[in-house]
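# Chains, contacts and geometry: an overview
One letter stands for each residue in the lines below.
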Amino acid sequence: MQLVYDTREPGHFTFNVAPTPDQVPKGARVSAICFDKSGSETLDEHTFHAMTDGEYCELPVLARQAREREQRQAKEPFLKRLFHSLFGLMLAAVACACLATAASAATFQVTTTADNGDNVNPTPGSLRKAILDANANQGPDDIVFQIQASGVQTISPPTRLPNITDPVTIDGYTQNGASKNTLFDGDNAVLMIQIDGTNGGAGFQGIGFQITGGSTTIRGLVINRFQSYGIQIGTNSPGNNHIEGCFIGTDPTGTVSLTNLASGIYLNKSNDNVIGGTTPETRNLIAGGDLNNSGSGITSTGNPISGLTIQGNYIGTNAAGTAALVPGSKGTGINIDAATKTTIGGTTPGARNVISGNSTGIQVGASDQTLIAGNYIGTDTTGTQAIGNRFHAIKFDNVTNSLVGGSTAAARNIISGTQQGEGIGFSQGTIGNFIQGNYIGTDVTGNVVLGNQSGIATLFGGAVFPANNKIGGSAPGEGNVISGNKVLGISISADSGNNVIQGNFIGTNATGTSSLPNGDLVAKIGRWYRDYHIK
């Protein structure tokens, strides 16, 4: 046994070691005890309890070094020596605090698909029990799956699962036989854990996972058939949640839609969350709503909600990204409302979303500073074949200060194949937005027609006219290619004003060297025209 103590002699601290308690000087303060290679305990305010056994056994060496250092510095001013000693103690306290935090993390195993639906006495080894245990253990934890059976394992909660109130990573890829996606184009992930919400609650009680604690990751799960939401984040969750590598609203093969009726992922007043990512393994496959043209793949709403990032996902297509889900995703792919600083896509290839085969691809309302860049909207994963959204590829309503595309090729959206509506539609209160650098009605080369019904259209104006929007621009790369659309290239209603159309290729290929005509170049509809500038 070794006792580390200090005598607090006048003028400086002296750290020393005593082999037995009776050899500790009278009045000395014992900081810690080391029982050779065994554990130790705290006897004073110095917090050593989180240190490992090996670190405890180094305490005598540290004490000797401290004593020698004090002896060398005996002639230095008292305050300077005191500062060094206290600084060393502060570092030790910080290290102990970090070790204590790390020590609190735990891993909880799911070993059965059984679930009795009881949050008081849950089935041992169940997902429900693991969530409850993780909630009770403060700090970030892991939930892993070790179900001893082959094939896809289906967990069917008979009642709503507990809210997730503390940070946790729920990782379906830990189940035997599961593997992450490795493809840039397509998704070859093998998911072995399915959460079936058929019996998980009626109406708005039918929620798969509700995250209220923040800093949670849900990964590698198939989540389908909940009556409300597959995943709900909020209300007022601290944020910093990640949803990645999941199939949400599909079967485990990623070819059949088994939608969560209201929304696959629903975010409410929770900031700075990420859906997907820029690497293949983070790609989610998300069904965009049910067959009754309702529901959404992703819904974000708040007052406002800020900092949502949606990247690298397939929304409305099969896992291969080559066709729409069967029997189809007929709701909205992404529905953003009352939000600021939402990013959909990005300028790195891995950030690209494929948003196709839905009723509407992206709908944004009452929002500011939305960025939509680098996506394929209405095509397959190669950008060469149409998988059209039915009514709109992108629809803006009361949207301000937002950007669709950008001046670089990496920021370019391919917006094509819309069956009965516009590539981009904007209506009342849509003010101060930029539509730049996109291919609207062609494939990724800008040379092959994949037309929308119309390219860009202003819709019913309402109380506040769409105004001060810019389609194209004078700088290199800002012009759009708006070609090959069935009816109109650009349709502008009368109750819109002070918008600029500039520097675009309308009715030609991307180089302007050959014709890809629209049904009409630019149509102005209504009784008067309000300050349009077409350059």
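Residues numbered from 1 in each chain as written. Predicted model: local features only at pLDDT ≥ 70, side-chain atom pairs only at ≥ 80, totals over all residues. Heavy atoms only, no water.

## Some details on the overall build of the protein
For the protein, the count of helices and strands is four helices and 40 strands. Counting only contacts in the protein whose residues sit at least 6 apart along the sequence, the fraction spanning at least 24 positions is 76%. Here the protein displays about 21,300 Å² of accessible surface, and carbon together with sulfur accounts for 54% of that area. (Helix = DSSP H or I, 4+ residues; strand = E, 2+ residues; numbered from the N terminus. Contact = heavy atoms within 4.5 Å. Areas by Shrake-Rupley, 256 points an atom, 1.4 Å probe, with all protein chains shown as cover.)

## Side note on the confidence of the model for the protein
In the predicted model, the protein carries a mean pLDDT of 84, and the fraction of residues at 70 or more is 76%. Overall, residues 8-13 carries pLDDT values under 50, and its contacts beyond four positions in sequence, including any with other chains, amount to twelve contacts. This stretch, residues 91-103, has a pLDDT under 50; its non-local contacts, to residues over four places away or in other chains, come to eight contacts. (pLDDT = per-residue confidence, 0-100.)

## Points about the pairing of strand β33 (residues 454-458)
By the criterion of burial, β33 is predominantly enclosed, with five of the five residues buried. By the bridge criterion, four bridges tie strand β30 (residues 422-426) to β33 in an arrangement that is parallel. When the sheet's bridge partners are listed, F426 is paired in β33 with T458. Relative to strand β36 (residues 488-493), β33 runs parallel, the two being bridged by three bridges. Looking across to β36, one finds that A457 is bridged to S491. (Buried < 20%, exposed > 50% of the residue type's maximum accessible area, 1.4 Å probe, protein only. Pairing = 2+ DSSP bridges.)

## Considerations on the side chain of T508
Along the chain, T508 falls in the loop between β38 (505-506) and β39 (522-525). Judged by its relative accessible area of 18%, T508 falls in the buried class. When sequence neighbours within four positions are dropped, the list of residues in contact with T508 reads V481, S483, S514, S515 and L516.

## Overview of the pairing of β30
The element β30 is largely enclosed, with a buried count of five among its five residues. Summarising the sheet, strand β27 (residues 392-400) and β30 pair through four bridges and their orientation is parallel. Considered in β30, the bridge of H392 is made with E422.

## A short note on unusual backbone geometry
V326 connects to P327 through a cis peptide bond whose omega is 5°. Positive phi is not limited to glycine here, since A338 has a value of about 50°. Looking at A338, the relative accessible area reads 16%, which means it is buried. Even without being glycine, N398 reaches a positive phi, approximately 60°. Relative to the assigned elements, N398 resides in strand β27.

## Section: the environment of T513
Following the sequence through the fold, T513 ends up in the loop between β38 and β39. Considered as a pair, T513 and N447 are 66 residues apart in the sequence and their alpha carbons are 9.8 Å apart.

## Focus: the sheet that holds strand β26 (residues 376-377)
Pairing within the open sheet is parallel, and its twelve strands lie in the order β6-β8-β11-β14-β17-β20-β23-β26-β29-β32-β35-β38. Two strands in the sheet have a free side with no partner beyond their single neighbour: β6 (153-155) and β38.

## Comments concerning the side chain of T379
Its place among the elements puts T379 in the loop between β26 and β27. Classification of T379 as buried rests on a relative accessible area of 0%. Those residues in contact with T379, other than ones at most four positions away along the chain, are V354, S356, Q385, A386, I387, I414, S416 and L450.

## Re the packing of aromatic side chains
If you walk through the whole model with that rule in mind, you get two aromatic pairs. For the pair F204 and Y229, a centre-to-centre distance of 6.4 Å together with 55° between the ring planes defines the contact as tilted. Of this pair, F204 sits in the loop between β8 (193-196) and β9 (207-211) while Y229 sits in strand β12 (residues 229-233), and the two are 25 residues apart along the sequence. The class of F204 is exposed, set by a relative accessible area of 63%. With a centroid separation of 4.3 Å and 5° between ring planes, the pair formed by Y229 and Y266 is classed as stacked. Within this pair, whereas Y229 is found in strand β12, its partner Y266 is found in strand β15 (residues 263-268), the two being separated by 37 residues in sequence. For Y229, a relative accessible area of 9% translates into the label buried. By relative accessible area, Y266 is classed as buried at 14%. Grouping aromatic residues by their ring pairs yields a cluster made of F204, Y229 and Y266. Taking the ring centre of Y376 as reference, the NZ or CZ of R352 above it sits at 4.1 Å. (Phe/Tyr/Trp six-rings, centres within 6.5 Å; stacked < 30°, edge-to-face > 60°. Lys NZ or Arg CZ within 6 Å of the ring centre and 35° of its normal.)

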